[in-house]
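# Structural characterization, general
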Amino acid sequence: MIVLLFTIERAEALSTLEGYSGYGPEQGEKPLRTAIASTFYSGLGIEEDDIFVSDGAKCDISRLQMVFGANVTMAVQDPSYPAYVDSSVIMGQTGQFQKDIEKYGKIEYMRCTPENGFFPDLSKVSRTDIIFFCSPNNPTGSAATREQLTRLVQFARDNGSIIVYDSAYAMYMSDDNPRSIFEIPGAKEVALETSSFSKYAGFTGVRLGWTVVPKQLLYSDGFPVVKDFNRVVCTSFNGASNICQAGGRACLSPEGLKAMSEVIGFYKENTNIIMDTFNSLGFNVYGGKNAPYVWVHFPGQSSWDVFSEILEKTHVVTTPGSGFGPGGEGFVRVSAFGHRENVLEACRRFKQLYN
Ligand code: PLP
């Protein structure tokens with residue numbers, strides 16, 4: 001409701017001389033940047049001018065690819081949100097693993113499985129220029145601990161890598177794990193962070209997110225990454241819609257924050273229902289606690305076969321794990337983003353199918 005009021009007020013104001021606003025600021029309106037800094041990064045040394053408001057994390061991931069160019073090497077968690085690999089391939093960071101590294105760059109898959117607690121064995125990961133890392137992770141629902149992220153930051157510092165940290169699900173965190181990479185000392189020199197209102201406020205269609213590029217983050221020649229990102233934002237984006245930004249400010253007001261935490265609480269209840277269902281059926285189930293996704297293991301089976309069987313026999317749509325990378329084979333992701341009655345009905349059908 002509060003979001004509606006703010007956005008209607010802003011939309012109406014656009015028709016007045018005093019309330020009209022046109023281009024800019026491309027980086028986002030100051031009150032929203034300030035509110036993001038104080039809500040999500042309080043005490044972490046992140047300032048309002050480190051924050052770039054955008055039309056969503058996915059769009060920022062592609063803009064970051066434009067900043068880094070085709071000649072970088074990059075690492076991703078395997079499995080992970082497909083936009084990291086796909087945007088890299090679109091940029092031309094393709095080629096055979098290891099073989100064509102000089103010519104094309106390469107993508108290093110950091111395998112994340114139940115055996116390694118969904119955190120990669122960094123001693124086996126090659127040095128890359130960029131490391132995409134998402135916590136809580138889509139699709140596995142796993143969240144990295146403070147100790148694990150400290151190791152990741154140290155790994156990036158030792159190798160001169162830049163971490164692109166995706167915290168799109170940070171508000172779903174129930175454990176005491178970091179909600180932002182900037183909770184880790186020394187991260188501001190090696191990491192930037194992208195995030196979104198999509199999963200907190202249902203803004204998937206409204207489109208609003210942000211990326212934090214600390215001024216301390218420098219290329220190896222000492223040039224600040226933020227200057228390049230600012231250039232790309234001003235050249236190829238022009239900033240998020242002013243009406244959507246009014247919605248974002250409403251989300252970060254006291255009523256908005258309360259409403260977001262209620263929405264998240266509702267989806268967490270859905271997640272528990274799904275977790276309980278698959279646990280009661282004897283499956284090995286991961287995630288769920290810190291993310292709205294349940295990662296269900298079907299050992300020895302193809303993700304697509306499991307997906308098809310569930311679809312054909314129960315008419316419920318899940319997501320085949322292999323769509324998130326080779327490490328997702330043998331899993332399906334079950335999403336908790338749904339109406340309660342639909343989630344309950346889906347779980348009833350899962351019980352019929354697997355009992
Ligand atoms: N990052 C992760 C990890 C996601 O799972 C998603 C959406 O599924 C996004 C980013 C996309 O966010 P946005 O809607 O802000 O583009």
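All figures in this text were calculated on a predicted structure; none of them were measured in a lab. Residue numbers here run from 1 along each chain, matching the order of that chain's written sequence. A pLDDT threshold of at least 70 governs which residues receive local features in this predicted model, and a stricter bar of 80 or more applies before side-chain atom pairs are shown or counted, although totals over entire chains, interfaces and linings include all residues. By convention in this description, side-chain values take in all heavy atoms of the structure and omit both hydrogens and water.

## Details of the sheet that holds strand β5 (residues 162-166)
Strands pair, by our definition, only if DSSP identifies at least two bridges between them. Comment: elements are numbered from the N terminus, with helices defined as DSSP H or I runs of at least four residues and strands as E runs of at least two. Strand order in this open sheet of seven strands is β1-β7-β6-β5-β4-β2-β3, and the pairing throughout is mixed. Every interior strand has two partners, whereas the edge strands, β1 (51-54) and β3 (107-111), have only one. The sheet shows a mean angle of 20° between the axes of neighbouring strands, taken without regard to direction. Here five bridges tie strand β4 (residues 130-134) to β5, and the two strands are oriented parallel to one another. For Ile-130, the partnering residue across the bridge sits in β5 and is Ile-162. Against the sheet, helix α2 (residues 30-40) contacts β1 and β7 (209-212), and its axis sits at roughly 115° relative to β1. In this analysis, axes come from line fits to C-alpha atoms, helices being fitted only over the stretch in contact, and the angle between any two N-to-C directions falls in the range 0 to 180 degrees. Contacts are assigned to residue pairs with any non-hydrogen atoms lying within 4.5 Å of each other.

## Side note on the nonpolar core
Within the largest apolar cluster, 73 residues are counted, with the highest numbers of intra-cluster contacts made by Ile-36, Tyr-41 and Ile-163. Once residues lying within four places of it in the same chain are set aside, the contact partners of Ile-36 are Tyr-41, Ile-51, Val-53, Phe-197, Trp-210 and Leu-252. In this structure, Ile-274, Met-275, Phe-278 and Phe-298 belong to the second largest nonpolar core, which totals 19 residues. Take the buried Ala, Val, Leu, Ile, Met, Phe, Trp, Tyr and Cys residues and link them wherever side-chain atoms come within 4.5 Å; each set so joined is a nonpolar core. To sort residues, take the accessible area from a 1.4 Å probe on protein chains only and compare it with the maximum for the residue type: under 20% means buried, over 50% means exposed, and anything in between is partly exposed.

## As for the site of the ligand
Consider each residue's heavy atoms; a residue with any of them within 4 Å of a molecule or strand counts as near. Taken together, 14 residues lie around the ligand, and Asn-138, Asp-166, Tyr-169, Ser-196 and Ser-198 are the ones closest in. Here a polar contact is taken to be a pair of N or O atoms separated by no more than 3.5 Å, where protein atoms must pair a possible hydrogen donor with a possible acceptor and residues adjacent in sequence count only if both atoms sit in side chains. At a separation of 2.7 Å, an oxygen atom of the ligand approaches a polar backbone atom of Ala-57. A distance of 2.7 Å separates an oxygen atom of the ligand from a polar atom in the side chain of Asn-138. Taking 400 Å² as the accessible area of the ligand by itself, protein coverage stands at 92%. If you list the elements that add at least two residues to the shell around the ligand, you get α3 (57-68) and α7 (198-201). Following the grouping adopted for this structure description, the nonpolar residues are Ala, Val, Leu, Ile, Met, Phe, Trp, Tyr, Cys and Pro, the charged ones are Asp, Glu, Lys and Arg, and the polar ones are all others, Gly among them. Looking at the shell around the ligand, its residues break down into six nonpolar, four polar and four charged. Where accessible areas are quoted, they stem from the Shrake-Rupley method and a 1.4 Å probe; at the residue level, only the protein chains shown are allowed to cover.

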